[in-house]
Amino acid sequence: MRVIQIRPPPLVLIPGGHTTITTNNRLIQKKSLLSYSNRQPLATSAPSPPPPFSTFRLHSSSSSPQNATASNQLAVLLELEGVLMDVYGIGNREAFNLAFKKLGLDCAHWTEPIYLDLQRKSFGGEEEMLTLYFNKIGWPTSLPTNEKGSFMKSVLREKKNALEDLVISKSLPLRPGAEEFIDDAHKEGVPVVVLAAYGKCGENVARAIIEKLGEDWMSKIKIIGKSEVEQSFYGQLVFGKGVSSSLDEQLMNEARKAASTERQKIAKEVASVLKLSIDIDTTSSERIQKVVAALRAGAEYADVPVPNCVLVAGSLPGVTAAEQIGMPCVVLRSRSTSRAEFPSANAVMDSFGAPDLTISRLRLMRSS
């Protein structure tokens with residue numbers, strides 16, 4: 001059996017808003033994130049669709065040699081929903097009630113105990129939550145049986161719109177201590193990557209949550225949206241998007257020259273990635289595939305090996321995906337996951353800041 005050794009092109013983040021792939025002493029630039037400072041504020045009256053996440057820019061702050069060393073030792077990946085903001089613990093139930101009211105369902109109202117019970121029994125599936133609820137209290141009398149599916153889609157559409165309004169209106173706060181955590185990481189030279197690629201709420205909500213950080217804190221993080229995942233090296237391998245023939249040709253040239261021990265090690269890592277992409281396609285759910293791709297893209301943009309990154313997750317898919325690729329994972333509990341168990345997580349914490357989630361504690365956890 002003939003083995004082809006492949007040396008993946010290193011990724012270099014440059015201030016001009018492009019990710020540079022260096023391969024065979026040639027440069028290939030691909031569009032990355034543009035700066036927040038160049039963005040126009042969100043329009044409050046016009047309903048025009050917002051620009052994609054690629055309109056943010058990755059700022060590279062000046063750092064000391066000590067910080068550069070620290071950034072190679074640890075990177076933190078943060079989920080949005082449940083971590084930066086307790087969207088589902090605070091806003092989702094209220095959004096459902098607003099949707100019920102708008103659709104004239106006066107008999108439908110979810111108190112917190114009802115919401116948590118439905119969430120527990122349905123494992124968080126929102127269509128399942130609606131089915132359980134209306135099976136118990138009765139479906140609208142004017143609704144034909146064969147239209148229950150379209151009815152639930154209408155409720156979920158109105159719920160999504162209401163949730164977007166709640167987040168964008170700034171009535172929902174960030175979790176206490178989130179800004180201080182990002183500050184501490186920035187001071188210690190630890191990259192913080194915010195994962196906006198696979199949340200259930202959609203990009204409008206993700207954008208609104210990120211913008212609550214403000215311009216200063218946004219300059220201290222990297223944001224990974226769907227386009228960044230697709231443009232990452234792993235994303236190109238898995239999803240087959242953006243890989244040009246010239247890049248394929250250069251990879252083959254690099255494979256022929258992969259003779260040193262270091263190159264052989266890198267080749268094994270890429271071979272593992274290629275095998276993982278096959279495993280994902282054949283055995284994993286579509287959502288886990290997206291989460292895995294986002295985690296690998298986050299590590300790539302942070303320029304830190306996957307085992308040296310720590311995912312701060314607020315949901316089970318994130319925990320499952322992190323375990324699958326060998327990334328350490330900490331669960332930050334929210335109101336909606338306060339009673340949930342995460343046996344595969346490295347740790348479960350309740351809040352940002354001591355004695356729970358701190359950069360120093362993550363360092364200790366990763367080194368142990």
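Our subject is the structure that appears above.
Structural notes, computed from the coordinates. Not measured: the values here are computed from a predicted model.

A word on helix H6 (residues 178–187)
Moving on, step 1. Looking at H6, one finds that the buried residues are Ala178, Glu179, Phe181, Ile182, Asp183 and Ala185.
Moving on, step 2. Against the buried residues of H6 lie strand E4 (75–79), strand E5 (192–195), helix H8 (214–218) and helix H15 (359–367).

Let's talk about the environment of lysine 212
Moving on, step 1. Take lysine 212: it is sitting in the loop between helix H7 (203–211) and H8.
Moving on, step 2. Sequence separation between lysine 212 and valine 167 is 45 residues; the distance between their C-alpha atoms is 9.3 Å.

A short note on the side chain of glutamate 179
Moving on, step 1. Along the polypeptide, glutamate 179 turns up in helix H6.
Moving on, step 2. This buried residue, glutamate 179, is left without a salt bridge; lysine 212 holds the nearest opposite charge, at 9.7 Å.

Notes on the environment of isoleucine 223
Moving on, step 1. Mapped onto the fold, isoleucine 223 is located in strand E6 (residues 222–224).
Moving on, step 2. Expressed as a C-alpha distance, the spacing of isoleucine 223 and alanine 197, which sit 26 residues apart in the sequence, is 9.0 Å.

Describing the pattern of salt bridges
Moving on, step 1. Scanning the model with the defined rule gives 8 salt bridges in all.
Moving on, step 2. With a closest N to O distance of 3.4 Å, lysine 102 and glutamate 158 form a salt bridge. Residue lysine 102 is found in helix H2 (residues 87–102), and its partner glutamate 158 is found in helix H5 (residues 148–168); the two are separated by 56 residues along the sequence.
Moving on, step 3. In this structure, aspartate 117 engages arginine 120 in a salt bridge whose closest nitrogen and oxygen atoms are separated by 2.7 Å. Within this pair, aspartate 117 and its partner arginine 120 are both found in helix H3 (residues 112–122), separated by 3 residues, close to a single helical turn.
Moving on, step 4. Residue aspartate 117 is classed as partly exposed on the basis of its relative accessible area, which comes to 26%.
Moving on, step 5. Judged by relative accessible area, which is 56%, arginine 120 ranks as exposed.
Moving on, step 6. Connected via shared salt-bridge partners are Asp117, Arg120 and Lys121.

Remarks on the packing of aromatic side chains
For any pair of aromatic rings, geometry is given as the distance between the ring centres together with the angle between the planes.
Moving on, step 1. If you walk through the whole model with that rule in mind, you get 12 aromatic pairs.
Moving on, step 2. Taking the centre distance of 5.3 Å and the plane angle of 75° together, the rings of phenylalanine 100 and tryptophan 110 count as edge-to-face. You can see phenylalanine 100 sitting in helix H2 and its partner tryptophan 110 sitting in the loop between H2 and H3, a full 10 residues away along the chain.
Moving on, step 3. Residue class for phenylalanine 100 comes out buried when judged on its relative accessible area of 0%.
Moving on, step 4. On the numbers, 6.4 Å between centres and 15° between planes, the contact of phenylalanine 100 with tyrosine 133 is stacked. Pair noted here: phenylalanine 100 is in helix H2 and tyrosine 133 is in helix H4 (residues 126–137), with a separation of 33 residues, a long-range link. Comparing phenylalanine 100 with tyrosine 133 shows no difference in burial state: the two are buried.
Moving on, step 5. Here the aromatic residues Phe96, Phe100, Trp110, Tyr115, Tyr133, Phe134, Trp139 and Phe151 are joined through ring pairs into a cluster of three or more.
Moving on, step 6. Seen from the ring of tyrosine 234, arginine 296 lies directly overhead, with NZ or CZ sitting 5.3 Å from the centre.

Rules used throughout
- Residues numbered from 1 in each chain as written.
- Predicted model: local features only at pLDDT ≥ 70, side-chain atom pairs only at ≥ 80, totals over all residues.
- Heavy atoms only, no water.
- Buried < 20%, exposed > 50% of the residue type's maximum accessible area, 1.4 Å probe, protein only.
- Helix = DSSP H or I, 4+ residues; strand = E, 2+ residues; numbered from the N terminus.
- Contact = heavy atoms within 4.5 Å.
- Lys, Arg positive; Asp, Glu negative; His and termini not counted.
- Salt bridge = Lys/Arg side-chain N within 4 Å of Asp/Glu carboxyl O.
- Phe/Tyr/Trp six-rings, centres within 6.5 Å; stacked < 30°, edge-to-face > 60°.
- Lys NZ or Arg CZ within 6 Å of the ring centre and 35° of its normal.

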